[in-house]
Structures are given as structure tokens and as C-alpha cells.
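Each chain, written out:
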Amino acid sequence: MATEEAGKPPEKPGERLEDLEKSCVEPGLYIFMPDGTRLDLTLANIERVAAEFWEDPAKFSPEARQAIDLEKCAMCPDLGRPGVCHAIHPILPIVRQADKYRSYTPVRVLFKAEDGKLVRSAEVPIQQALSYVCTLSLICYCDVGKKYWEYYEGIHPLMQAHEIAHRLLLNINQANAGDPEKVRAIVEQFEREIMVTTRCVLNRLHLLCREDALLNAFVTAQSPAALIKIMTGG
């Protein structure tokens, strides 16, 4: 997923936004590291790199095999069956690139929406940038988390945790006609299930990561669920 793997040269530090934007064609998040490495976290690229990774067992280190073989979380519908936890599907392929940095490392990010328009460019800690793919892991790939994807309408990865929480709560309220009991029940279940999935993925990543960027990115990704529980009096 790094630029080198995609056949493009690393971006030059300080390159103009206009030039960076021209090189970022597909919708998604683009991360520009201080050392010139670039991560293209578009949905298409995440799928491509993940497919290449999972189809080549030679890429699995002993630690990766350990992480893969850990038991699925207790609420997983596939618990007890053979197969890989779906939540780690997009994560393991990027561990090698992401685990070079501490969580506070500043990176430049550029996010393009589905219509191809630039939503925002900013300099953020790498843990916030990586929380995008962690959110996809928890909400898009996890079989349990998928049902909450509809509540992420209008949310982009450069929003702060409190902004995401307010938008999540607004979407949950709108989807349930503002019924306080339904909203509270969904929020409590959402927070509980996201916490379980996060813990399961982190148990796997602790076997692989030496730095804390990816680990803290998962904490960042699940924090809005904890915030909306507090906001609803949970």
C-alpha cells in the first residue's frame, strides 16, 4: 500500500497541495509520511493490497500467523469455525508500513470524498490518520460492526472524535425518529460491541507491533462510541 509498492516515487516533503491533489485520484485517504513514504488508503487500494497479502502465505511472519490463529471474539457469528477474523483483513497488510512510527508522528493527510472532491488537507498525528482504516476494520469488515455503517453518513476521517460522536448520535436519532429508548439501546449495544471487537484486534496487534501508532489508532477509532454512550447518560 506504500507508494513504492504502487510503482510511484515517494512524495517530496513540502510539495504543494495542488501537486499532491493531482496525484491522488481515487476517493479515500492519502497519508504522506515525514520520510517521503505515502500510504494510499482508498477502498480500492485497501482491497487490492489485502487480496495480494492474503493470497500469498509466504508474506505471513510467525507473529502474523499467531495473530491470525487467535480465537475470534465471543460475539462473532463465526466463532468456533475455521477462517480469519474479518476485522483484521485490511489491517495486517499495512502493519509493516504503519509500525515504523510513534503515534504522535506528524503526517500530512489529504482526504477525497466519493465525488472526487477534496474534503480536507491537514497535518495530524499519525494515529488519527490511521484511525480511518481502523474504523473500516471495525465498521465495514467486522461481521458484527457492519450494521452500524449506516450511522457513519456524513463523517470523514479528519473530523475530531467529539465531532464524529455528535454526528453519530444525530444519525442514530434520525434513523429511530428520536425515540429515546431505542436510541439509548442502540448506543449501549454499539459501544459494547465496538469495545469487544477493538480488544480482539488489539490482542492480535500486540503480537505484531513494536511501535504504538496502529494500536492507538484503534483506540481513536472506537472512542466516539464511548463518547456517545456518555452523551446519552450511559
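Okay, so let's go over this structure. (Residues numbered from 1 in each chain as written. Predicted model: local features only at pLDDT ≥ 70, side-chain atom pairs only at ≥ 80, totals over all residues. Heavy atoms only, no water.)

## Thoughts on the side chain of Ser137
Spelled out, the test is: The secondary structure listing takes helices from DSSP runs of H or I that are at least 4 residues long and strands from runs of E that are at least 2 residues long, numbered from the N terminus. Burial classification: accessible surface area is computed with a 1.4 Å probe over protein chains only, and a residue below 20% of its type maximum counts as buried, one above 50% as exposed, and the rest as partly exposed. Residues count as neighbours in contact if any of their non-hydrogen atoms are within 4.5 Å of one another.
Counting through the fold element by element, Ser137 comes out in helix α5 (residues 126–141). Among the residues examined, Ser137 registers a relative accessible area of 0% and is labelled buried. In this view, Ser137 contacts Ala87, Pro90, Ile91, Cys142, Val201 and Phe218; residues no more than four positions away in its chain are not counted.

## A few points about the packing of aromatic side chains
Which entries qualify depends on this criterion: The aromatic pairing rule takes the rings of Phe, Tyr and Trp, using the six-membered ring of Trp, and pairs them if the centres are within 6.5 Å, calling planes under 30 degrees apart stacked, those over 60 edge-to-face and the rest tilted.
Taken as a whole and judged by the stated rule, the model has four aromatic pairs. Centre to centre, the rings of Phe111 and Tyr132 are 6.0 Å apart; their planes meet at 70 degrees, and the pair counts as edge-to-face. Taken as a pair, Phe111 in strand β3 (residues 106–112) and Tyr132 in helix α5 lie far apart in primary sequence, 21 residues in all. The exposure class assigned to Phe111 is buried, which follows from its relative accessible area of 9%. Judged by its relative accessible area of 13%, Tyr132 is buried. Relative to Tyr152, the ring of Trp149 has its centre 6.1 Å away and its plane inclined at 10 degrees; by these criteria the two rings are stacked. Since its relative accessible area comes to 41%, Trp149 is described here as partly exposed.

## Concerning the pairing of strand β1 (residues 28–32)
Applied cut-off: One bridge is not enough; two strands pair if DSSP finds at least two bridges between them.
Taking burial as the measure, the five residues of β1 include five buried ones, the bulk of the element. Two elements, β1 and strand β2 (residues 38–42), share five bridges in a ladder whose sense is antiparallel. Residue pairing in the sheet places Phe32 in a bridge with Arg38 of β2. Taking the residues between adjacent antiparallel strands as the criterion, β1 and β2 are bridged by five residues, where Gly36 takes a positive phi near 95 degrees. In terms of strand pairing, β1 meets β3 through five bridges, oriented antiparallel. Among the inter-strand pairings, Gly28 is bridged to a residue of β3, identified as Lys112.

## Brief notes about helix α7 (residues 180–205)
Our working rule: A helix's residues, less one, multiplied by 1.5 Å, set its expected span. Between N or O atoms, a polar contact is any pair within 3.5 Å; within protein, one atom must be a potential hydrogen donor and the other a potential acceptor, and residues adjacent in sequence are included only when both atoms are from side chains.
The end-to-end C-alpha separation of α7 is 37 Å, in line with the 38 Å expected for 26 residues at 1.5 Å each. Its side-chain oxygen placed 3.0 Å from the backbone nitrogen of Glu181, Asp179 serves as the N-cap of α7.

## Observations regarding the pattern of salt bridges
Our working rule: Only one rule defines a salt bridge in this text: a Lys or Arg side-chain nitrogen within 4 Å of an Asp or Glu carboxyl oxygen.
Summed over the entire model, instances satisfying the criterion amount to nine salt bridges. Between Asp78 and Arg81 there is a salt bridge, with the nearest N and O atoms lying 3.0 Å from each other. The salt bridge partner of Asp143 is Lys146, with a shortest N-O separation of 3.6 Å. With relative accessibility at 29%, the residue Asp143 sits in the partly exposed group. A relative accessible area of 43% places Lys146 in the partly exposed class. Taken together, the shared-partner salt bridges connect Arg102, Glu211 and Asp212 into one network.

Geometry only, nothing functional implied.
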